[in-house]
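Okay, here's what each chain looks like letter by letter:
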Amino acid sequence: MSDALPLGSTIGILGGGQLGRMLAMAAARLGYLAQVYDPAPGCPAAQVAPCVTAAWDDAEALDAFAAAVDVVTYEFENIPATTLDRLAETRAIRPSRQALRISQDRLPEKEFLNRIGLETAAFMAVTSEQDLAEALSRLGSPAILKTRRLGYDGKGQVRITDPAEVPTAWAAVAGRDRTVDAILEGFVPFEHEISVIGARGLDGRIACFDPAENVHRDGILRTSTVPAGVPARVTQDAVLATARILSALDYVGVIGVEFFVAAGRLVVNEIAPRVHNSGHWTEAGCAVDQFEQHIRAITGWPLGDGARHADVQMENLIGDDIRHIPRIAQEADARLHLYGKAEARPGRKMGHVNRIVRRG
Ligand SMILES: Nc1ncnc2c1ncn2[C@@H]1O[C@H](COP(=O)(O)OP(=O)(O)O)[C@@H](O)[C@H]1O
Ligand SMILES: [Mg+2]
């Protein structure tokens, strides 16, 4: 604790969506101030912390932000490199640039995972329709074509079930320019999708939360449930794989690691160098949730141990799901968390509910 950032210090958070908002709230609970940076006026985090509204390339605003904060963290991985270069001149960025660089691009991400001995889907880099046809003949159908960068919630990807679909799949992902850095992944016929939220402190200690089982609909996370319905060996392997990733990156902060479980084998899907939607259950299931865990890690506090004291199911409230709020508000053992977004557009994450499942 003696090396921890002094109480009353300011944590700079890049990105003011719901994750940035929840980080700011956790920072406040530990006696820190938060300052948020986001190009969008009226972002969800602005309701709970002071927010700088400026573009990612606004050098003056970035310098003022750096001067006002003591450490910099982020809520999403697609922050431009030049923004981080500028901030890194004067402030520590946690998690590090290396973790960001790897997770911003699906190609180095998979290469990194394979290099440290973890299994991924088979993959090939593609930049043209011709490349795609060739990669598909090598990897076989079905396969999934994804942009290497900037994909989220299933955006920027298409499933290909037959070679005849190559032209339309390429057009869908490459857009009007007909070129994009993409990756073709072999389809993993998984039985389960699970994720581990792990953390590594400034002192190198690691703590992981229990794996959650995730169900997606239309590419968007619907529910995360703990315990996951997988054998104990798989749970253990997933935690060990997460620890291996954290150590290999000399990581500081919370990470989300998504896995497929196929024929009892663990296949890493992707890593997110930040708090993660599939870790929201920790708010109701653990003494120290993922948001506090992240603030603890980047400020040099000891980590919470990650132990789980309840079975929980987290359900995302997406778009007009918010019409169910009056019903949810009457449920016993339901903890509602809303993000303060005014407009409920389709596919927009408006909030989530954690339901504590009573054990028999
Ligand atoms: N190689 C694959 N095999 C089978 N399903 C996949 C594969 N890649 C992605 N998916 C499905 O699509 C979802 C979203 O893909 P993901 O790569 O995690 O993108 P995003 O960055 O949008 O979360 C996954 O959670 C999984 O359900
Ligand atoms: Mg994903």
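Residues numbered from 1 in each chain as written. Chains lettered and ligands numbered in written order. Predicted model: local features only at pLDDT ≥ 70, side-chain atom pairs only at ≥ 80, totals over all residues. Heavy atoms only, no water.

**Student:** Residue-level account of the sheet that holds strand 4 (residues 71–74), with values.
**Tutor:** Taken in spatial order, the four strands line up as 3-2-1-4 in an open sheet, and their pairing is parallel. Looking along the sheet, the strands with just one partner apiece sit at the ends: strand 3 (51–53) and strand 4. Neighbouring strand axes in the sheet, compared pairwise and without regard to direction, differ in orientation by 25° on average. (Pairing = 2+ DSSP bridges. Helix = DSSP H or I, 4+ residues; strand = E, 2+ residues; numbered from the N terminus. Axes fitted to C-alpha atoms, helices over the stretch in contact; angles between N-to-C directions.)

**Student:** Quick one: what's the story with the site of ligand 1, residue by residue and with numbers?
**Tutor:** Neighbouring residues of ligand 1: 19 residues in total, closest Lys-146, Gly-154, Val-188, Glu-193 and Asn-269. Within the side chain of Glu-258, one N or O atom sits 3.1 Å away from an oxygen atom of ligand 1. In this structure, an oxygen atom belonging to ligand 1 sits 2.8 Å away from a side-chain N or O atom of Glu-270. Across the complex, the protein chains shield 90% of the 540 Å² of accessible surface that ligand 1 would expose by itself. Residue assignment for the shell around ligand 1 shows that the elements contributing at least two residues are strand 6 (143–147), strand 8 (182–186), strand 13 (253–262) and strand 14 (265–272). Its residues assigned to classes, the shell around ligand 1 comprises six nonpolar, six polar and seven charged. (Near = heavy atom within 4 Å. Polar contact = N/O pair within 3.5 Å; in protein donor to acceptor, adjacent residues only side chain to side chain. Areas by Shrake-Rupley, 256 points an atom, 1.4 Å probe, with all protein chains shown as cover. Nonpolar A, V, L, I, M, F, W, Y, C, P; charged D, E, K, R; others polar.)

**Student:** Tell me about the packing of aromatic side chains, and name the residues and values.
**Tutor:** To describe a pair of aromatic rings, one takes the distance between the centres and the angle between the planes. A complete count under the given rule lists five aromatic pairs for this structure. An angle of 70° between the planes, with centres 5.2 Å apart, marks the rings of Tyr-37 and Phe-65 as edge-to-face. With a gap of 28 residues between them, Tyr-37 in strand 2 (residues 33–38) and Phe-65 in helix 2 (residues 59–68) connect regions that are remote in the sequence. Exposure remark for Phe-65: the relative accessible area of 1% places this residue in the buried category. Taking 6.0 Å as the distance between ring centres and 40° as the angle between the ring planes, the aromatic pair formed by Trp-56 and Phe-76 counts as tilted. Of the two residues, Trp-56 sits in the loop between strand 3 and helix 2 while Phe-76 sits in the loop between strand 4 and helix 3 (81–88), which places them 20 residues apart along the sequence. Residue classification places Phe-76 among the partly exposed positions, given a relative accessible area of 26%. Through a chain of ring-to-ring contacts, the aromatic side chains of Tyr-37, Trp-56, Phe-65 and Phe-76 assemble into a single cluster. Positioned above the aromatic ring of Phe-187 is the side chain of Arg-159, whose terminal nitrogen or guanidinium carbon lies 4.3 Å from the ring centre. (Phe/Tyr/Trp six-rings, centres within 6.5 Å; stacked < 30°, edge-to-face > 60°. Buried < 20%, exposed > 50% of the residue type's maximum accessible area, 1.4 Å probe, protein only. Lys NZ or Arg CZ within 6 Å of the ring centre and 35° of its normal.)

**Student:** How would you sum up the coordination of the magnesium ion (ligand 2)? Please name residues and give values.
**Tutor:** For the magnesium ion (ligand 2), the full set of protein donor atoms is Glu-258 (OE), Glu-258 (OE) and Glu-270 (OE), and the range of their distances to it is 2.0 to 2.7 Å. In this pair, Glu-258 is assigned in strand 13 and Glu-270 in strand 14, connecting sequence segments 12 residues apart. (Donors = N, O, S within 2.8 Å, 3.2 Å for Na, K, Ca; no water.)

**Student:** Can you explain the nonpolar core? Please cite residues and give values.
**Tutor:** One recurring pattern in soluble globular proteins: nonpolar side chains tend to sit buried together. Core analysis: the largest hydrophobic core is formed by 40 residues, its most contacted members being Ile-11, Ile-13, Tyr-32, Trp-281, Phe-291 and Ile-295. Only strand 1 (10–14), helix 1 (18–29), strand 2, strand 9 (192–200), strand 12 (220–226), helix 10 (290–299) and strand 15 (311–318) provide two or more residues apiece to this core. The leading source of residues in this core is helix 1, at six residues. The next biggest cluster of nonpolar side chains, apart from the first, holds 25 residues, and it includes Ile-255, Val-257, Leu-266 and Ile-271. (Core = buried A, V, L, I, M, F, W, Y, C linked by side-chain atoms within 4.5 Å.)

Read these as layout, nothing more, since geometry by itself doesn't imply function.
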